[in-house]
Amino acid sequence: MTKKLGRTAVAILVAVSLLSFACTARRLEPGDGPDARAVLEAFTTRGLSDHLEALQRIADNNDGNRATGTSGYEASARYVEEQLRAAGYTPVRQTFTFEENRRNRDQVESFNILAETGGSAANTVVVGGHLDSVRRGPGINDNASGVAAVLETALWFKEAGITPANRVVFAFWGAEEDGLYGSQHYVDQLSNAEKDGTLANLNVDMAASPNGIRSFHDGDGSDFGDGGPEGSKEIEDVFFRFFEANSLPAETTPFEAGDSDYDAFLQAGIPAGGLFSGDEEKKSDAQAQSYGGTAGQDLDPCYHRACDTIGNTDTELLQEMTGALAYATVSLAMATRG
Ligand SMILES: [Zn+2]
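The shown structure was predicted, so the numbers you read here are calculated from the model rather than taken from an experiment. (Residues numbered from 1 in each chain as written. Predicted model: local features only at pLDDT ≥ 70, side-chain atom pairs only at ≥ 80, totals over all residues.)

Caption draft 1: Quick look at the overall build of the chain. In terms of helices and strands, the chain carries 11 helices and 8 strands. Relative to a compact globule of 338 residues, whose C-alpha radius of gyration would be 20 Å, the chain shows 18 Å and is just as compact. A buried classification covers 53% of the 338 residues belonging to the chain. (Helix = DSSP H or I, 4+ residues; strand = E, 2+ residues; numbered from the N terminus. Rg over C-alpha atoms; globule rule 2.2 N^0.38 Å. Buried ≥ 20, exposed ≤ 12 C-beta atoms within 10 Å, placed from the backbone.)

Caption draft 2: Geometry of the nonpolar core. Counting 84 residues, the largest nonpolar core has Val147, Val150, Ala154, Ala200, Ala324, Leu325 and Ala328 as the members making the most contacts within it. The residues contacting Val147, other than those within four sequence positions of it, are His51, Leu55, Val80, Gly129, Leu131 and Phe172. (Core = buried A, V, L, I, M, F, W, Y, C linked by C-beta atoms within 7 Å. Contact = placed C-beta atoms within 7 Å.)

Caption draft 3: Broad picture of the pairing of strand 4 (residues 166-173). Of all 8 residues that make up strand 4, 7 are buried, and the element is covered over most of its length. Of the strand pairs in this sheet, strand 2 (residues 107-116) and strand 4 are connected by 4 bridges, and their pairing is antiparallel. Residue pairing in the sheet places Ile113 in a bridge with Phe172 of strand 4. Sheet topology note: the strand 3 (residues 120-130)/strand 4 ladder contains 7 bridges and is parallel. Paired with Ser120 across the bridge in strand 4 is Asn166. Between strand 3 and its parallel partner strand 4, the chain crosses via helix 5 (residues 140-159), and the hand of that crossover is right-handed. (Pairing = 2+ DSSP bridges. Right-handed = clockwise from strand over helix to strand, strands pointing away.)

Caption draft 4: Region of interest: the sheet that holds strand 1 (residues 92-99). If you walk across this open sheet you meet the 8 strands as 1-2-4-3-5-8-6-7, and the pairing is mixed. Each edge of the open sheet carries a strand with a single partner, namely strand 1 and strand 7 (251-253). Neighbour-to-neighbour, the strand axes of this sheet turn through a mean angle of 25°, independent of strand direction. Here helix 5 sits on the sheet and contacts strand 2, strand 3, strand 4 and strand 5 (198-204); the angle it forms with strand 3, its principal contact strand, is near 145°. (Axes fitted to C-alpha atoms, helices over the stretch in contact; angles between N-to-C directions.)

Caption draft 5: Highlighting the confidence of the model for the chain. Predicted confidence across the chain gives a mean pLDDT of 91, with 91% of residues reaching 70 or more. Counting interchain partners and residues more than four positions distant, the pLDDT-below-50 stretch residues 1-26 has 22 contacts. (pLDDT = per-residue confidence, 0-100.)

Caption draft 6: Broad picture of the environment of Leu28. Looking at the element boundaries, Leu28 is found in the loop between helix 1 (7-23) and helix 2 (36-43). For the pair formed by Leu28 and Lys233, sequence separation is 205 residues and the distance between their alpha carbons is 9.2 Å.

Caption draft 7: Looking closely at the environment of Ile140. Note that Ile140 resides in helix 5. Here Ile140 falls in the buried class, since 27 other C-beta atoms lie within 10 Å of it. Residues Ile140 and Ser71, 69 residues apart in the sequence, show an inter-C-alpha distance of 16 Å. Not counting the four nearest positions on each side in its chain, Ile140 is found in contact with Leu52, Leu55, Gln56, Ser145, Asp308, Thr309, Ile310, Asn312 and Thr313.

Caption draft 8: Local environment of unusual backbone geometry. At the junction of Asp142 and Asn143, the peptide bond is cis and its omega measures out at 10° in the coordinates. Secondary-structure assignment places Asn143 in helix 5. For Leu180, which is not glycine, the phi dihedral falls at a positive 60°. If you trace the backbone, Leu180 turns up in the loop between strand 4 and helix 6 (181-188). The phi dihedral of His304 is positive, around 60°, even though this residue is not glycine. Residue position: His304 is located in the loop between helix 10 (285-291) and helix 11 (315-333).

Caption draft 9: View of the packing of helix 5 against helix 11. Across the interface, helix 5 lies against helix 11 with an axial gap of 9 Å and an inter-helix angle of 50°. Classed by the angle they form, the pair helix 5 and helix 11 counts as oblique. The handedness of the crossing between helix 5 and helix 11 is right-handed. Residues Ser145, Ala148, Ala149, Glu152, Thr153 and Trp156 of helix 5 form the contact with helix 11, whose own contacting residues are Leu318, Met321, Thr322, Leu325, Ala326 and Thr329. When grouped by side-chain class, the residues that make up the contact of helix 5 with helix 11 number 7 nonpolar, 4 polar and 1 charged. (Parallel < 35°, antiparallel > 145°, perpendicular 65-115°, else oblique. Left-handed = near helix turned anticlockwise from the far one by under 90°. Nonpolar A, V, L, I, M, F, W, Y, C, P; charged D, E, K, R; others polar.)

Caption draft 10: Highlighting helix 8 (residues 232-245). With 14 residues, helix 8 extends 20 Å from end C-alpha to end C-alpha; this agrees with the ideal 20 Å at 1.5 Å per step. Of all 14 residues in helix 8, 11 are buried, a share of seventy percent or more. When helix 8 is considered as a whole, its buried residues turn out to be Ser232, Lys233, Glu234, Ile235, Glu236, Asp237, Val238, Phe239, Phe240, Phe242 and Phe243. Directly after helix 8, the chain includes Ser247, whose backbone phi takes a positive value near 50°. (Expected span 1.5 Å × (residues − 1).)

Right, here's the structure in full:
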């Protein structure tokens, strides 16, 4: 099977997933999601671009970047905190230190921002994206787009009056670009009971790639061989349902060790999944047919470069990916353990 979800592949995948549903005990049983089309519709009119513009302005006013340990990171954090507070959350900073230069053992301090909903902490859903940029540029696709998706999902939860059965922790990770330190710290400081009480991690790292694709992680490894812990397949299925219900072509993408903030969760045995619109890979002919854009060119030609500005984003793609995140977040916030 090709990794792209054409219509035939969709039918096969649905059949396969129903089959494996019948055969395996599920550790995670997502609740009935909201109407996937209504969620997509809701996110076509929400303020995602406002967040990208705000984070671009912050980079412009702070030496062109929002990297760990800089004034641009601090300003980015304040922006996110203000938005969360205005919506009724109580964001907290979770500080950590790491060695910037392993030879000199220079300690750098940074922080994550965490904001949680009510709901059962024994079934916590962590929905995150990294807040820091690389030093070389403003990091708008990577990862202001993921920040916008997580933030807007959090704001929508409040405005839509969603009362989650499970606690949702919205997380804005620090020092991802330096080595995934923020998310690693979050997982490391959990007790074993808290790890067991973490139902799932959803990650968004690049959701507006200008020549992008719609992809979500291959939770069971059926497409790429390396799946996540048990339960990751059910997360994959939730994203699949969203795109299918909206007749939006989408495909799976592998988890890559060391690539993004899901890594610490996977290592700890916590089911994970998430969204990715592509970085340095070239768009294939088949992808250009499915998504438009230019075959043979990078999915994000400005990946980790100074030109990763607001001009390097696809707003419509970001709306669709954020709809998918919001849909999956609700489904998991209503999930039970099978
Ligand atoms: Zn990133």
